[in-house]
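A look at the structure
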Amino acid sequence: MAEHELPELVRMDHRLFPEMPYPYFVLRQLYELYRDRLLVVERGGELGGYVLFATTPDGERSWVLALGVVPGARGLGHGRSLMAVGLDRLAADGVHEVMITVAPGNRPALGLYESLGFVQVDHRADYFGAGGDRLILRLPLHG
Ligand SMILES: CC(C)(COP(=O)(O)OP(=O)(O)OC[C@H]1O[C@@H](n2cnc3c(N)ncnc32)[C@H](O)[C@@H]1OP(=O)(O)O)[C@@H](O)C(=O)NCCC(=O)NCCS
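Described below are features of the structure shown in this document. (Residues numbered from 1 in each chain as written. Predicted model: local features only at pLDDT ≥ 70, side-chain atom pairs only at ≥ 80, totals over all residues. Heavy atoms only, no water.)

1. Looking at the packing of aromatic side chains
In the structure shown here, the tally under the stated rule is 2 aromatic pairs. Taking 4.9 Å as the distance between ring centres and 65° as the angle between the ring planes, the aromatic pair formed by Y127 and F128 counts as edge-to-face. Accessibility expressed as a relative area gives 28% for Y127, which makes it partly exposed. Note on F128: relative accessible area 41%, which makes it partly exposed. (Phe/Tyr/Trp six-rings, centres within 6.5 Å; stacked < 30°, edge-to-face > 60°. Buried < 20%, exposed > 50% of the residue type's maximum accessible area, 1.4 Å probe, protein only.)

If you want it as structure tokens, here you go:
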């Protein structure tokens, strides 16, 4: 994603995650750190979704920091494609495992992650602060 698209990414992130969007300054800094592992969907010249992976300094583990597709483009395979391309790149990087957090009631996301082979390894109350319960899922990679 080009740097000039950052304001559009921030707007899309607010649309995708209205209850817990990344503040602009956080997404800017994540972009500086992980732009190589930030993948976007482009639709008619506009951003239609994104995924962001961050790998730990030892290169062993990567976390999915965001995955979202705008409402009008859901159910078309974009979410699956973003994850598939990203996971291929992480495997090529030699990453051993990928972690993701998901709200317990988020059926579409859980369906996608389970179909990719992610398995629940934890259920944490208040993981993202009061009321922010999350399931933690893991996928081993065999690069
Ligand atoms: C989760 C999300 C990214 C899926 O993106 P998408 O482009 O609609 O997903 P896809 O079309 O690639 O579908 C992939 C799989 O997701 C699951 N899925 C998608 N929509 C679903 C729905 N409405 N109900 C149940 N499962 C669904 C299915 O397992 C589907 O598999 P299939 O290809 O065999 O049908 C999208 O719903 C989204 O942006 N949600 C809001 C943000 C969010 O919750 N992000 C995840 C945070 S952890």
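2. What about helix α1 (residues 6-16)?
Those residues of α1 lying buried are L6, L9, V10, M12, D13 and L16. Here the buried residues of α1 occupy an arc of 165° about the axis, which is enough to place them on one side. Turned more than 90 degrees away from the buried face of α1 sit R11 and R15, all of them exposed. For α1, the elements touching its buried residues are α2 (24-34), β1 (38-43), β2 (46-55) and β3 (61-69). (Helix = DSSP H or I, 4+ residues; strand = E, 2+ residues; numbered from the N terminus. Arc of directions from axis to C-beta. Contact = heavy atoms within 4.5 Å.)

3. Considering unusual backbone geometry
Even without being a glycine, D126 presents a positive backbone phi close to 55°. Residue placement: D126 occurs in the loop between β5 (119-124) and β6 (134-140).

4. What about the site of the ligand?
Around the ligand, the structure places 19 residues, and the nearest of them are L67, V69, G75, G77 and N106. L67 places a polar main-chain atom, nitrogen or oxygen, 2.8 Å from a nitrogen atom of the ligand. One of the backbone nitrogen or oxygen atoms of R80 is found 2.8 Å away from an oxygen atom of the ligand. Here the shell around the ligand takes 5 residues from helix α4 (residues 107-115), the largest share from any one element. (Near = heavy atom within 4 Å. Polar contact = N/O pair within 3.5 Å; in protein donor to acceptor, adjacent residues only side chain to side chain.)

5. Focus on the pairing of β2
With 8 of 10 residues buried, β2 is to be regarded as a mostly interior element. In this sheet, β2 lies alongside β1 in antiparallel orientation, the contact comprising 6 bridges. Considered in β2, the bridge of L38 is made with L52. Hairpin connection of β1 to β2: 2 residues between the antiparallel strands, including G44 at a positive phi of 55°. Both β2 and β3 contribute to a ladder of 7 bridges, which runs antiparallel. Looking across to β3, one finds that G49 is bridged to V69. (Pairing = 2+ DSSP bridges.)

6. Regarding the nonpolar core
Note on soluble globular proteins: their nonpolar side chains tend to be buried together. Judged by nonpolar contacts, the single largest core of 41 residues is most densely connected at Y50, M83, Y113 and F118. For M83, the residues in contact, after removing those within four places along its chain, are V51, F53, V64, L67, L112, Y113, L116 and F118. (Core = buried A, V, L, I, M, F, W, Y, C linked by side-chain atoms within 4.5 Å.)

7. Quick word on helix α3 (residues 78-93)
Helix length check: α3, at 16 residues, gives a terminal C-alpha distance of 23 Å against a target of 22 Å (1.5 Å per residue), a fit within 8%. Among the residues making up α3, those that are buried are G79, L82, M83, G86, L87, L90 and A91. All buried residues of α3 fall inside an arc of 160° around its axis, so they share one side. Exposed side of α3, more than 90 degrees from the buried face: D88 and A92 are the residues found there. G94 sits one or two residues past α3 and shows a positive phi near 90°. (Expected span 1.5 Å × (residues − 1).)

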